[in-house]
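Per-entry structural report
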Amino acid sequence: MNDTTRALRPAIGAVRRSFSPWTDPQARPLIRFESVTKRFGEAVAVEDLSLDIFEREFFCLLGPSGCGKTTLMRMLAGFEEPTAGRVLLAGQDLTGVPPYRRPVNMMFQSYALFPHMSVADNIAYGLKQDRLPRGEIEARVEEMLRLVQLEKLATRRPDQLSGGQRQRVALARALAKRPKVLLLDEPLGALDKKLREETQFELMDLQVRLGMTFLVVTHDQEEAMTMSDRIAVMDHGRIVQVATPGELYEQPRTRFVAEFVGDINILEGKVAGMEEGGWRVETPHASQALTVFDPDEVLGHGQPVAVAVRPEKMTIHRQRPQGPNVLEGEVWDIGYLGDWTVYRVHLGSGAVVRVSCANASRFVADPITWDERVFVAFAPDAAILLSR
Amino acid sequence: MSRSGWRKRLARAAVILPPYAWLAAFFLLPFVIVLRISLSDPASAQPPYRPLFDWTGGWDALMAFLGALDLENFETLASDSLYWEAAISSVTIALVSTVLLLLIGYPVAYGMARAAPRLRPLLVALVILPFWTSFLIRVYAWIAILKPEGLLNQFLLALGLISDPLTILNTPTAVYIGVVYAYLPFMILPLYAALERLDWTLVEAAQDLGSPPWKAFWTVTLPLSLPGVVAGSLLCFIPIVGEFVVPDLLGGSDTLMIGRTLWSEFFSNRDWPLASAVAVVLLLIVVIPIVFYREIEARRWEAR
């Protein structure tokens, strides 16, 4: 990362914090998927899906493989036509517009660099198709090479580059035409962990600096959480939830989202009533009914429901703590991760819950150890109720 | 040098030697014999050329033998326009046929490479299938198709497209039909091999960057399949230059090809030395594109 991007950091943060066009009813979306369905023969890849994406958004399509996220992106690029519904870009219906006439560019998962062309020729390819004057093409290629810091490698061929360098060339090539939307298909999938983390931040800087709309397809929830303004979680061709990373993590709407994004403990139970603004849930995993404050859910008495708690929102104790929501069990396994320690606690009911504790100090005199009898507790507002 | 070092060298020689020995015995030696005959004079004797080498004569006999060799036959070839025309006509027919083969073979190979993966082995088998029948029989079959009362003319007459039978057999057209038919698999297979390996997301990338399909083909697919184009063209061009069977069976007396000239010098005129000279010239014509190809290959490897 160079000095200019570092200098831009605080400003970027400020821009990001105040950016939420999706809450503004006056805002017009840049991209609109309107009840889009895509079938391949019998198989349904995308089913009756509607989605709005706004200008300058960093938007992620997140889901397991085969959930239809790549098909959705390819419909925007023009490689697939919807079976039903339509895709709009800046208010214009894209139906029947071939890929080479759409003002969007894609960075392919495999990068798809032309092996018979140099780095500079790869970047210039799209500009040549627009028949720009030669001087302008050269200037733009120069600018792009500077942007991705590959000035010295302009004459190299793709097979002479490292994985990270190839990724930058692919990015520069897709950005060179200044598309309205940049599509990134698993942009960091082929990089190793360290490089992936660095590149995440570089992509975010770049997106704000260029003022572009980025649409990213990924199956990696960490990647999606780090980079996105909003995330759409997809499953079986449908969108399950569209939300900011924070909302997605703290207020998942379904079990699928809760389990796909981050780690979570699920305790099955039945609604036993309402008391002082909190739901009472009877569960075989605890001796007393659990109390959960979740105003979003409207539930009936006796309805099956799951109490979901993130591992870091649970605490582990030797003595039974005061207050509600205490589970009892035995330490089954301990994972020391440096910043966190994860305890797997075997409850009397047979279920296993994960509790993670931040390692705030370097030495603990008498740490909790294997096979110890422990109590796990969580606050009523730390849990979520999931009925779907 | 240590003992094991010698052993290693010996083992390496044992591996390298057989192919060289094979080439020396079945290519270099026959070529030297042909070259030697091409420098001799014809004679009504057995064998039909002079001088013969007298193994018992010692040094003087060897010098006399070498002194009797000359380039007379090559001078004859150079001065007689018949041989020039035969050579030029052979190269022309080979060039035109190669272009026709490319024009027909490329779309076929492209279609095969874009077919569903489970269909591809079947399509390859279909391309190779004609090899199950003798080449000679397949060329004879074309006589039956192309002759004035043949299948093609009967078909066209029945359709009412023509009122008189077309004369195709014994014309250059028949030679082109026969050659293109016979060599098509040799063009399709290398092209298919190159196209099948092609990463089609590259074509998508080209379209994504603003290239209409034809331009994506021209700037991405074609350049990347060029090794297949070169391999297929050489595989066809080289044997077509020396082709004898097809022009002999399908071409008329006005179709001059160097392979035919060679045959008639050898069998009709019994002029072995001149026939050998023709063979040497044919080899030279064919070697040029191979050298050219090797040059391109070498440069491609350097570029890596």
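Rules and cut-offs
- Once a new chain begins, its residue numbering starts again from 1 and follows that chain's sequence as written.
- Chain A is the first chain written and ligand 1 is the first ligand written, with later ones labelled in order.
- Under the rules for a predicted model, residues below a pLDDT of 70 receive no local features and side-chain atom pairs below 80 are neither given nor counted, while totals for whole chains, interfaces and linings still include all residues.
- As a rule here, side-chain values come from all non-hydrogen atoms in the structure, and water together with hydrogens is ignored.
- A run of H or I in DSSP becomes a helix once it reaches four residues, and a run of E becomes a strand once it reaches two; helices and strands are each numbered from the N terminus.
- Computation of the radius of gyration draws on C-alpha atoms alone. For the globule rule, the value is 2.2 Å times the number of residues to the power 0.38.
- Burial here depends on accessible area, computed with a 1.4 Å probe over protein chains only, as a share of the maximum for the residue type. Under 20% is buried, over 50% is exposed, and the range in between is partly exposed.
- Contact criterion: two residues are considered in contact whenever any of their non-hydrogen atoms come within 4.5 Å of each other.
- Two parts placed together each lose some accessible area under a 1.4 Å probe, and the buried area is that loss summed for both.
- We define a salt bridge as a contact between a side-chain nitrogen of Lys or Arg and a carboxyl oxygen of Asp or Glu at a distance within 4 Å.
- Under the rule applied, a polar contact is a pair of N or O atoms within 3.5 Å (in protein, one hydrogen donor and one hydrogen acceptor; residues adjacent in sequence only if both atoms are side-chain atoms).
- Buried Ala, Val, Leu, Ile, Met, Phe, Trp, Tyr and Cys residues form a nonpolar core when they are joined through side-chain atoms within 4.5 Å.
- Between any two strands, at least two bridges found by DSSP are needed for them to pair.
- To get an axis, fit a line to the C-alpha atoms, keeping to the stretch in contact for a helix; angles then go from 0 to 180 degrees between the N-to-C directions.
- Each aromatic pair joins two rings of Phe, Tyr and Trp (for Trp, the six-membered one) with centres within 6.5 Å, and gets the label stacked for planes under 30 degrees apart, edge-to-face for over 60, and tilted for any other angle.
- Note on geometry: a ring has a charge over it if NZ (lysine) or CZ (arginine) is within 6 Å of the ring centre and within 35 degrees of the ring normal.
- Per the annotation, domain bounds derive from an automatic or database assignment of domains.
- All amino acids are sorted into three groups, where Ala, Val, Leu, Ile, Met, Phe, Trp, Tyr, Cys and Pro are nonpolar, Asp, Glu, Lys and Arg are charged, and the leftover types, Gly among them, are polar.

**Overview of the overall build of chain B**
A count of helices and strands for chain B gives 13 helices and two strands. Computed over C-alpha atoms, the radius of gyration of chain B comes to 25 Å, more than 25% over the 19 Å expected from 2.2 N^0.38 for 304 residues, which places it beyond the range of a compact globule. Principal-axis analysis of the C-alpha atoms places the extent of chain B at approximately 75 × 75 × 35 Å. Within chain B, the proportion of its 304 residues that are buried is 38%.

**With respect to the interface of chain B and chain A**
Opposite the 21 residues of chain B that make contact, chain A presents 24 residues. A combined buried area of about 1800 Å² lies between chain B and chain A, and 57% of that area is made up of carbon and sulfur atoms. Of all residues in chain B, Glu204, Asp208 and Leu209 of chain B bury the most surface against chain A, accounting for 38% of the area lost on that side. On the surface where chain B and chain A come into contact, there are one salt bridge. Here chain B and chain A share ten residue pairs in polar contact (both at pLDDT 80 or more) between them. Residue assignment for the side of chain B that touches chain A shows that the elements contributing at least two residues are helix H9 (201-208) and helix H10 (213-241) of chain B.

**With respect to the environment of Arg32 of chain A**
All names here are of chain A. Here Arg32 lies in strand E1 (residues 31-40). Remark: the alpha-carbon pair of Arg32 and Leu61, spanning 29 residues in sequence, is separated by 14 Å. Filtering out sequence-adjacent residues up to four positions away, Arg32 remains in contact with Leu51, Asp52, Arg86, Val87 and Leu88. Among the polar contacts made by the side chain of Arg32, one reaches the side chain of Asp52 at a distance of 2.9 Å.

**Some points on the nonpolar core**
In this structure, Phe33, Leu61, Leu72, Phe114, Leu183 and Leu215 of chain A are the most contacted members of the largest nonpolar core, which totals 95 residues. For this core, the element with the most residues is helix H8 (residues 172-196) of chain B, which contributes twelve residues. Not counting residues up to four positions away in its chain, the partners in contact with Leu215 of chain A are Ile53, Phe59, Leu61, Met73, Leu76, Val181, Leu182, Leu183 and Leu184 of chain A. With 47 residues, the next largest nonpolar core counts Met204, Met212, Leu248 and Tyr249 of chain A among its residues.

**Structural notes on the pattern of salt bridges**
Scanning the model with the defined rule gives 26 salt bridges over all chains in all. A salt bridge links Glu136 of chain A to Arg140 of chain A, with the nearest nitrogen and oxygen atoms 4.0 Å apart. Of this pair, Glu136 of chain A and Arg140 of chain A both sit in helix H4 (residues 134-147), four residues apart, which is roughly one turn of that helix. Looking at Arg140 of chain A, the relative accessible area reads 10%, which means it is buried. Across the pair Asp248 of chain B and Arg260 of chain B runs a salt bridge, and its minimum N-O distance is 3.5 Å.

**A few points about unusual backbone geometry**
All names here are of chain B. Following Gln46, the chain continues to Pro47 via a peptide bond in cis, the omega torsion being -10°. Within the secondary structure layout, Pro47 lies in the loop between strand E1 (41-42) and strand E2 (49-50). For the bond running from Arg50 to Pro51, omega is 0°, close enough to zero to count as cis. Along the chain, Pro51 falls in the loop between E2 and helix H2 (58-68).

**Structural notes on the sheet that holds strand E5 (residues 92-93) of chain A**
Residues and elements named next belong to chain A. Read from one edge of the open sheet, four strands run E2-E1-E4-E5, paired in antiparallel fashion. Lying at the two open borders of the sheet, with one neighbouring strand each, are strand E2 (43-53) and E5. Of the strands in this sheet, E1, E2 and strand E4 (84-89) are in contact with helix H2 (residues 69-77), which crosses E1 at around 115°.

**Points about H9 of chain B**
The buried fraction of H9 of chain B amounts to seven of the eight residues, a majority that puts the element mostly inside the structure. Every buried residue of H9 of chain B is listed here: Leu202, Val203, Glu204, Ala205, Ala206, Gln207 and Asp208 of chain B. Contacts from the buried residues of H9 of chain B go to H2, strand E6 (104-107), helix H3 (119-129) and helix H5 (163-175) of chain A together with H10 of chain B. Phi turns positive one or two residues past the end of H9 of chain B, at Gly210 of chain B, with a value near 110°.

**Details of the packing of aromatic side chains**
Summed over the entire model, instances satisfying the criterion amount to 17 aromatic pairs over all chains. With a centroid separation of 4.7 Å and 50° between ring planes, the pair formed by Phe114 of chain A and Tyr125 of chain A is classed as tilted. Within this pair, whereas Phe114 of chain A is found in the loop between E6 and H3, its partner Tyr125 of chain A is found in helix H3, the two being separated by eleven residues in sequence. For Tyr125 of chain A, a relative accessible area of 4% gives the class buried. Members of the aromatic cluster, each reached through a chain of ring pairs, are Tyr49, Phe244, Trp263, Phe266, Phe267 and Trp272 of chain B. Note that Arg173 of chain A overlies the ring of Phe114 of chain A, its terminal NZ or CZ placed 4.7 Å from the centroid. If you follow Arg9 of chain B out to its NZ or CZ, it ends over the ring of Trp6 of chain B, 5.8 Å from the centre.

**Section: the sheet that holds strand E9 (residues 230-235) of chain A**
Residue and element names in this part refer to chain A. Here six strands make up an open sheet; going across it, the order is E6-E7-E8-E3-E9-E10 and the pairing mixed. The sheet is open, and its two edges are formed by E6 and strand E10 (238-243), each paired on a single side. Between one strand axis and the next, the sheet turns by 20° as a mean value, whatever way the strands run. Here strand E7 (residues 181-185) pairs with strand E8 (residues 213-218) via five bridges, running parallel. The partner of Leu183 across the bridge, within E8, is Leu215. Against the sheet, helix H6 (residues 193-210) contacts strand E3 (58-62), E7 and E8, and its axis sits at roughly 135° relative to E3.

**Thoughts on the pairing of strand E15 (residues 314-317) of chain A**
All names here are of chain A. Only one face of E15 is covered, namely the face carrying Met314 and Ile316; the face carrying Thr315 and His317 is uncovered. Looking at chain direction, E15 and strand E19 (residues 373-378) are connected through four bridges and run antiparallel. In the strand pairing of E19, Ile316 is matched with Val376.

**Some remarks on the domain arrangement of chain A**
Residues and elements named next belong to chain A. Along its sequence, chain A is organised into domain 1 (3-103 + 179-256) and domain 2 (264-386). Interface area, domain 1 with domain 2, both sides summed: about 710 Å², of which 48% is carbon and sulfur. Considering only the surface of domain 1 that becomes buried against domain 2, Tyr249, Pro252 and Arg255 emerge as the three largest contributors, covering 72% of it. At the junction of domain 1 with domain 2, the criterion picks out two salt bridges. Between Glu268 and Arg255 there is a salt bridge; the shortest N-O distance is 2.8 Å. Taken together, the links from domain 1 to domain 2 amount to four residue pairs in polar contact (both at pLDDT 80 or more). With three residues, the top contributor of residues to the side of domain 1 that touches domain 2 is helix H8 (residues 245-250). Considering only residue class, the side of domain 1 that touches domain 2 consists of three nonpolar, two polar and three charged.

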